[in-house]
Amino acid sequence: MKKEEKLLFKNLCCFKSDEFDSDMLKYATPNVLGCLFYNRMAGVAYGVLKKNNVLDRVNREFRNALKGAYEKNIEKNKSFFYCVNYLEEILKKHIGRYALLKGAVLCGEYPEGYRTSNDIDILVNAKDITAIGKTLTEDGFKQGKIINDRFIPATRQEIIESKMTRGETVPYIRQMGLPGIDYLEVDLNFSLDYKNSDNYTVSSMLDNIVSFHNENVSVQSLCAEDFFIHLCGHLYKEVSTLAWVQMKRDMTLYKYCDIYMLLDGMSGIETERVFEKAKKYNMEKECACAVLQTCALFGNCNAFAFQKSKNIISDDKNFIHSVISPGDKKVFVYKTKNIKERFFMDNRIENLREVINDEKT
């Protein structure tokens, strides 16, 4: 993509900003359109154009594609909110032992049509997986995956391996037959990383769950600080794990957009509380990585968080540029340190080089 196309892409994604350069719309090319869809930001872009009264300034096909995505998002979210409330209802007997994460809360916090979710993530203690899984199974959920719109049951080996190596269960899936959501997928997470090793942090977060309400859902979730820390930890897991880079799912922008939206609304006191808790959980660097990469892509939306994050990684500047291969314990580092340049690469895996013999880079 050209420099001007990248700038327009950013402007169309920064929905919290009051500044918009309409002269950049002459660069509303197929490249920009494709990048918006690839990063699940088409609904946001349509909203930004509408908010700034410039829908008529872009090519008809560009505009109609974004409008179609925006309207589809609204339709899908009606089904999604129904599913979230449905799930809360069947999990009533487990009140206090789980928290809904990410999209289950965030989809209703964005402006209408901006954010969708393909599944529902739930944080649980490892000791509660069996009981909650049984409740889901009794309601008609089955463990497996969807391939070509068909449910494929998981093997016993897949179920065991997922628990042992991924910190989450094989998805529980139930056919709902709703507009935009034929199958509902529920993921039970009991770890914040790929190591399946942070029982203390998960238990501490679940000791502070709160009831969250908006006009769309009423759910059990994490308190504000823990919710943000979990988002950062989840993003860090994906950007720093080799398998996600190989799948080209490591830097999808809608995940950064969640952090951008929450960062933009945080006061200095709230930001300080987040980093105090992150330190308690030994997740300071993970949060710093998420904040610094988000600010690189969206602009510095929280100066205090940005500076705090820079200070945290000052003695390990390659932390935000490193990728781990858990299976063979290999460590790689990006040759390109500019986050924006890295984001727009066609194949980031080619930019990695292996760190040999505890090499200090």
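Located above this text is the structure these notes cover.
So, here is what we can say about the structure in this document. (Residues numbered from 1 in each chain as written. Predicted model: local features only at pLDDT ≥ 70, side-chain atom pairs only at ≥ 80, totals over all residues. Heavy atoms only, no water.)

## Overview of the overall build of the chain
Then, in step 1: Along the backbone of the chain there are 15 helices and eleven strands.
Then, in step 2: The C-alpha atoms of the chain give a radius of gyration of 20 Å, which matches the 21 Å a tight globule of 361 residues would have.
Then, in step 3: Its C-alpha atoms give the chain principal-axis dimensions of about 55 × 55 × 40 Å.
Then, in step 4: Taking all 361 residues of the chain together, 54% fall into the buried category.
Then, in step 5: Looking at the chain alone, contacts between residues at least 24 apart form 68% of all its contacts between residues at least 6 apart.
Then, in step 6: Approximately 17,300 Å² of the chain is accessible, and the part contributed by carbon and sulfur atoms is 47%.
Then, in step 7: Once the 52 positive and 50 negative side-chain charges of the chain are each reduced to a mean point, those two points are 2 Å apart. (Helix = DSSP H or I, 4+ residues; strand = E, 2+ residues; numbered from the N terminus. Rg over C-alpha atoms; globule rule 2.2 N^0.38 Å. Buried < 20%, exposed > 50% of the residue type's maximum accessible area, 1.4 Å probe, protein only. Contact = heavy atoms within 4.5 Å. Areas by Shrake-Rupley, 256 points an atom, 1.4 Å probe, with all protein chains shown as cover. Lys, Arg positive; Asp, Glu negative; His and termini not counted. Charge placed at Lys NZ, Arg CZ, Asp CG, Glu CD.)

## A few points about the nonpolar core
Then, in step 1: Ranked by size, the top nonpolar core spans 111 residues in total, and within it Leu12, Leu36, Ile120, Ile122, Val186 and Phe298 carry the most contacts.
Then, in step 2: Here this core gets twelve residues from one element, more than from any other, and that element is helix α4 (residues 60–90).
Then, in step 3: When sequence neighbours within four positions are dropped, the list of residues in contact with Val186 reads Leu87, Ile120, Ile122, Leu136, Phe141, Pro171 and Tyr172.
Then, in step 4: Within the second largest apolar cluster, six residues are counted, among which are Leu242, Val323, Phe332 and Tyr334. (Core = buried A, V, L, I, M, F, W, Y, C linked by side-chain atoms within 4.5 Å.)

## Some thoughts on the pattern of salt bridges
Then, in step 1: Summed over the entire model, instances satisfying the criterion amount to 16 salt bridges.
Then, in step 2: Asp226 is paired through a salt bridge with Lys277; the nearest N and O atoms lie 3.2 Å apart. With a gap of 51 residues between them, Asp226 in helix α9 (residues 224–239) and Lys277 in helix α12 (residues 268–280) connect regions that are remote in the sequence. Across the pair, exposure class does not vary: Asp226 and Lys277 are buried alike.
Then, in step 3: A single salt-bridge network, built from bridges that share partners, covers Arg97, Lys127 and Asp128. (Salt bridge = Lys/Arg side-chain N within 4 Å of Asp/Glu carboxyl O.)

## Concerning unusual backbone geometry
The phi torsion of most residues other than glycine is negative, and most of the peptide bonds are trans.
Then, in step 1: Positive phi values are uncommon outside glycine, yet Asn53 reaches one of about 55°.
Then, in step 2: With respect to the secondary-structure elements, Asn53 resides in the loop between α3 (42–51) and α4.
Then, in step 3: At Lys248, a position not held by glycine, the phi torsion is positive, near 60°.
Then, in step 4: Inspection of the secondary structure assignment puts Lys248 in the loop between α10 (242–246) and α11 (253–264).

## Quick look at the pairing of strand β7 (residues 210–213)
Then, in step 1: Judged from the four bridges that link them, β7 and strand β8 (residues 218–221) form a sheet pairing that is antiparallel. Bridge pairing in β8 links Ser211 to Gln220.
Then, in step 2: Where β7 folds back onto β8 in an antiparallel hairpin, the turn is made up of four residues. (Pairing = 2+ DSSP bridges.)

## Some points on the environment of Phe343
Then, in step 1: Relative to the elements of secondary structure, Phe343 occurs in helix α15 (residues 339–343).
Then, in step 2: The spatial distance from the C-alpha of Phe343 to the C-alpha of Thr252 is 8.6 Å, given a sequence separation of 91 residues.
Then, in step 3: With sequence-adjacent residues up to four places away left out, Phe343 is seen in contact with Phe9, Asn39, Met251, Leu253, Leu297 and Arg348.

## Some remarks on the packing of aromatic side chains
Then, in step 1: Using the criterion set out here, one finds eleven aromatic pairs in the structure.
Then, in step 2: Residues Phe343 and Phe344 carry aromatic rings whose centres are separated by 4.9 Å and whose planes lie at 85° to one another, so their mutual orientation is edge-to-face. The pair formed by Phe343 and Phe344 is uniform in burial state, with each residue classed as buried.
Then, in step 3: Through successive ring pairs, a cluster of aromatic residues spans Phe15, Tyr110, Tyr114, Tyr260 and Phe298. (Phe/Tyr/Trp six-rings, centres within 6.5 Å; stacked < 30°, edge-to-face > 60°.)

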